Amino acid sequence: MAGSTHAPSPALTHRQVRRLGRALPRRLVLTREGKLFILLTVGIGFAAINSGNNLLYLVFGLLLSLILVSGLLSEANLRGLTALRHPAPQLEAGTPSLAAVTLTNPKRRLPSYGVEVHELLPAEAADVWGARQRRGYVLVLPPGGSQTAYVRLTAARRGVLTSAGLRVSTRFPFGLFEKSRFFPLPARFTALPAARPSPLDAVRPAGHGLEEHLAGVGSGDELHGLRDHRAGDDARTIAWKVSARRDRLVVREHERPATRKVVLVFANVVPADLPPAADAAAREALEAAITRVAGLASAYLEAGWAVGLATCDGGLSPEAGRALLPRIGELLAQLPVRAAPQGAQPPLWDGASDRAAGPAGRRAERVAVVTTAQQRAGLAPAADRVVVADADDAATTREAAA
């Protein structure tokens, strides 16, 4: 099975950022207004030289002074500033998220005005992941003060984005130049697949109810029986009314709950040797299937099931609780898209022992999410239920063949 992934490469490596910070502590870029201003200044300078008019010389000197003052004030504005990135948030495909950056001004007397900050994302981030960002902005940084700026990040597709660092810039005071400073603070942003709501009615589980109860003692809600009190028993389990009738302490025992288990089976493969157009459609359908897996995992966990995941590149053992959802999203976000020959059986992760018998001899139910291209190529994994998801997100379901 051949693998093909998009390996994110930072726009600047960390070593390049450090070298740039030493060689060019500041980066100066002309704005559109600055270009017009300099063009006007040069024109007035030529006019003053050709005409010898003292008034034009005065205006020309004033314009040059403004350029000089702009450079000095913008340099003083950025001098000494420090940036500290907060823990990188997890992104969700299609949903904006805020990355917090704290800016500190250690200067004793001079404040800093109009400071912006943004991430140094990979050059291909916009094309591969549809990544966009809106700069964080701080209006005034008082002397010795700190403020938090929030960079708004949005990724249209799942994946892992790497940032080579932060770029802090300012256009203060006149907006003629944008002066920047680089901070080599690498970060990693994980864009999770969007967990769209996926009703469980379409999957048609084999049984009803959220939990089963076993013929054993545990911590469930259903009463299992009564017994005499023993040393070390919790006083909260004492059945006081029964104890009063029997004239001795009696405690309640509860049944042991057995949470239903489901393993979502997903083969992250597309048929090999497809024409370019068909291969692009198969990959787009696979991305829609990943979104469907995330939605099913969220729905099952919300309904109280223990959910596991099995893919060609790892998996998770069945667990209950919403705390499992970020781990499932992290795994799905980093899944590569692999190519497999038609008719081949994709090797799935079996570390969960998902076919082992669970409580009361009931094994975990297997629900496979497949695409139409996988079905046609014979790459669909075996499961109890099959959910078909296509690129247009019009998913249908059917019972798996016996």
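Preceding this section is the structure that the text describes.
Scope of this entry: the structure provided in the associated data block. Predicted model only: the values in this text are computed from it and were never measured. Each chain has its residues counted from 1, following the order in which its sequence is written. Per-residue local features of the predicted model are confined to residues with pLDDT of at least 70, and side-chain atom pairs are confined, for both listing and counting, to 80 or more; whole-chain, interface and lining totals are unaffected and use all residues. Heavy atoms from the whole structure form the basis of all side-chain values; hydrogens and water molecules are not counted.

## Quick notes on the overall build of the protein
By the criteria applied, helices consist of DSSP H or I runs no shorter than four residues and strands consist of E runs no shorter than two, each listed in order from the N terminus. For the protein, the helix and strand inventory stands at 8 helices and 23 strands. Counting only residues that meet the buried cut, the protein has 43% of its 402 residues in that class. Only the protein chains shown count as cover for residues, and all accessible areas are computed by the Shrake-Rupley method using a 1.4 Å probe. Accessible surface for the protein amounts to roughly 20900 Å². Of this, 56% is attributable to carbon and sulfur atoms. In this scheme, a residue with accessible area under 20% of its type's maximum is buried, one over 50% is exposed, and one in between is partly exposed, where area comes from a 1.4 Å probe on protein chains only.

## A few points about the packing of aromatic side chains
Two aromatic rings, drawn from Phe, Tyr or Trp (for Trp, its six-membered ring), form a pair once their centres lie within 6.5 Å of each other, and the interplanar angle then sorts them: stacked below 30 degrees, edge-to-face above 60, tilted otherwise. Across all of its chains, the model carries 2 aromatic pairs by this definition. Summarising the aromatic geometry, the rings of Tyr 113 and Phe 172 are spaced 5.2 Å apart at their centres and angled 25° between planes, so their arrangement reads as stacked. In this pair, Tyr 113 sits in strand β6 (residues 112–119) while Phe 172 sits in the loop between β11 (166–170) and β12 (177–183), placing the two residues 59 residues apart along the sequence. With a relative accessible area of 25%, Phe 172 lands in the partly exposed category. Ring centres 5.1 Å apart and planes at 65° place the aromatic pair Tyr 300 and Trp 305 in the edge-to-face group. The class for Trp 305 is buried, based on a relative accessible area of 5%.

## A word on the pairing of strand β21 (residues 365–370)
The buried count for β21 comes to 6 of 6 residues, which makes it a mostly enclosed element. The two faces of β21 match: Glu 365, Val 367 and Val 369 on one face and Arg 366, Ala 368 and Val 370 on the other face are all buried. Inspection of the sheet shows β21 paired to strand β22 (residues 385–388) by 4 bridges, in the parallel sense. What sits directly across from Val 369, in β22, is Val 387. Clockwise travel from the first strand over the helix to the second, with the strands pointing away from the viewer, marks a crossover as right-handed. In this view, the connection linking β21 to its parallel neighbour β22 by way of helix α8 (residues 372–377) has right-handed handedness. Two strands pair under a simple rule: DSSP has to find at least two bridges between them.

## So, a nonpolar patch on the surface
Within this analysis, patches are made of residues with over 30% relative accessible area and no salt bridge. Like charges are joined at 9 Å or less; nonpolar side chains (Val, Leu, Ile, Met, Phe, Trp, Tyr) at 5 Å or less. Here a salt bridge means any side-chain nitrogen of Lys or Arg lying within 4 Å of a carboxyl oxygen belonging to Asp or Glu. Nonpolar side chains collect at one region of the surface, where Leu 62, Leu 66, Val 69, Leu 73 and Phe 174 lie side by side and expose about 400 Å² of accessible area between them. When you line up the elements, Leu 62 lands in helix α3 (residues 54–78). A residue is classified by how much of its surface remains accessible, and Leu 62, at 52% relative accessible area, is exposed.

## Here we look at the sheet that holds strand β2 (residues 27–30)
Strand order in the open sheet made by the 5 strands is β2-β12-β11-β6-β8, with antiparallel pairing throughout. Edge positions in the sheet fall to β2 and β8 (136–141), since each has one partner strand and no second. Neighbouring strand axes in the sheet, compared pairwise and without regard to direction, differ in orientation by 25° on average. One ladder, built from 4 bridges, connects β2 with β12; its direction is antiparallel. Across the sheet, the residue bridging to Arg 27 is Ser 180, located in β12. Whether two residues are in contact is decided by their heavy atoms, any of which lying within 4.5 Å being enough. Simply put, an axis is a line fit to the C-alpha atoms, just over the touching stretch for a helix, and the angle between two N-to-C directions goes from 0 to 180 degrees. Those strands touched by α3 are β6, β11 and β12, and its axis lies near 25° from that of β12.

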